[in-house]
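Residue-level structural notes
Next come the chains, spelled out residue by residue.
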Amino acid sequence: GVFLVGDTEIGAFDHLTVEIAETLAATAEAALDRAEQSQTLREQQRESKIQAQRLEQVHRINNKIRRIVRTLVTADSREEITQQVCDALTALETFDLVWIGEPDLSVNEIHVSAQSGSTSQYLESIPLDLDTENQQPSVRSIQRRETISEPNLATAPYDQEWRNKALLFDFRSVISVPLVHNEILYGALTIYSRQPSNFDALSESVLSELGELVAYALNSVNQRNALLRD
């Protein structure tokens, strides 16, 4: 910036005054440099802390997934698979509502096959129809067969009923993962959190792989049940 000194008299600034002004300007410049360096350091420390927290969360998710895999191997029914997955994920402190929905084309809606969390009433308050106008994450995930993530609901436009309802239940971020195996869609796994930006790229990758595992397990149970019926 500029350090500006003015006076109403002509010739008011002698050499001493100029030196003092230059000294003050240099002092201000040094102070601003230190403040900028301190701010940069604080931002770096904050970013490091956030990154460490994210890595810790991914580590906890991975540990939980290893336990889920053991459950998937021994599960005897679709209901057991979906409910065990939801229960296991809500055991993580940062996941407040976990549910799995299956598309029911006969009524063009998503059927809630399993859910876990203290705020499951939220699902009763939002539309679950599969119309293209419905922008609810699980609907988009099923329609597009891709992972849908909303990192911060509080800063997004409030033009959707599901988003307004989510904020009323104090949810701040959400991710929905399609359950697809061999191009067969089994539904979507959707997770809500009261923490903003809770699903970064690393968490999204891990949860997407979990979605593939769940879909594989559902496919295996279907095949086993078909063989037993035969």
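Since we're looking at a predicted model, the values are computed, not measured.

**Structural notes on the pairing of strand β4 (residues 173–181)**
Counted residue by residue, β4 has eight buried out of nine residues, so it is predominantly covered. Bridge analysis of strand β3 (residues 148–150) against β4 gives three bridges, and the strand direction is antiparallel. Residue Glu150 lies in a different strand from β4, and its bridge partner there is Val174. Relative to strand β5 (residues 184–193), β4 is paired through nine bridges, and the arrangement is antiparallel. Pairing of His181 across the sheet is with Ile184, part of β5. Hairpin connection of β4 to β5: two residues between the antiparallel strands, including Asn182 at a positive phi of 55 degrees.

**A short note on a nonpolar patch on the surface**
Where nonpolar side chains cluster on the molecular surface, the patch consists of Phe3, Val5, Phe13, Leu16, Val18, Ile20 and Leu24 and spans about 640 Å² of accessible area. Here Leu16 is to be found in helix α1 (residues 15–74).

**Focus on the pattern of salt bridges**
Using the criterion set out here, one finds seven salt bridges in the structure. Of the charged contacts, one joins Asp96 and Arg194 as a salt bridge, the two residues approaching to 3.4 Å between their closest N and O atoms. Here Asp96 is found in the loop between α2 (78–90) and β1 (97–104), whereas its partner Arg194 is found in the loop between β5 and α5 (201–229), with 98 residues between them in sequence. One salt bridge connects Asp170 with Arg194, and the closest N-O pair in it is separated by 3.9 Å.

**Here's the deal with the packing of aromatic side chains**
Scanning all chains against the criterion turns up six aromatic pairs. On the numbers, 5.6 Å between centres and 70 degrees between planes, the contact of Tyr122 with Phe169 is edge-to-face. Here the residue Tyr122 occupies a position in the loop between β2 (109–117) and α3 (137–144), and Phe169 occupies one in the loop between α4 (161–168) and β4, the gap between them amounting to 47 residues. Here Tyr122 falls in the buried class, since its relative accessible area comes to 0%. Of the residues examined, Phe169 reaches a relative accessible area of 24% and is grouped as partly exposed. Members of the aromatic cluster, connected to one another through ring pairs, are Tyr122, Phe169, Phe171 and Tyr192.

Each value, and the rule that gives it
- Residues numbered from 1 in each chain as written.
- Predicted model: local features only at pLDDT ≥ 70, side-chain atom pairs only at ≥ 80, totals over all residues.
- Heavy atoms only, no water.
- Buried < 20%, exposed > 50% of the residue type's maximum accessible area, 1.4 Å probe, protein only.
- Helix = DSSP H or I, 4+ residues; strand = E, 2+ residues; numbered from the N terminus.
- Pairing = 2+ DSSP bridges.
- Patch = residues over 30% accessible without salt bridge, like charges linked within 9 Å, V, L, I, M, F, W, Y side chains within 5 Å.
- Areas by Shrake-Rupley, 256 points an atom, 1.4 Å probe, with all protein chains shown as cover.
- Salt bridge = Lys/Arg side-chain N within 4 Å of Asp/Glu carboxyl O.
- Phe/Tyr/Trp six-rings, centres within 6.5 Å; stacked < 30°, edge-to-face > 60°.

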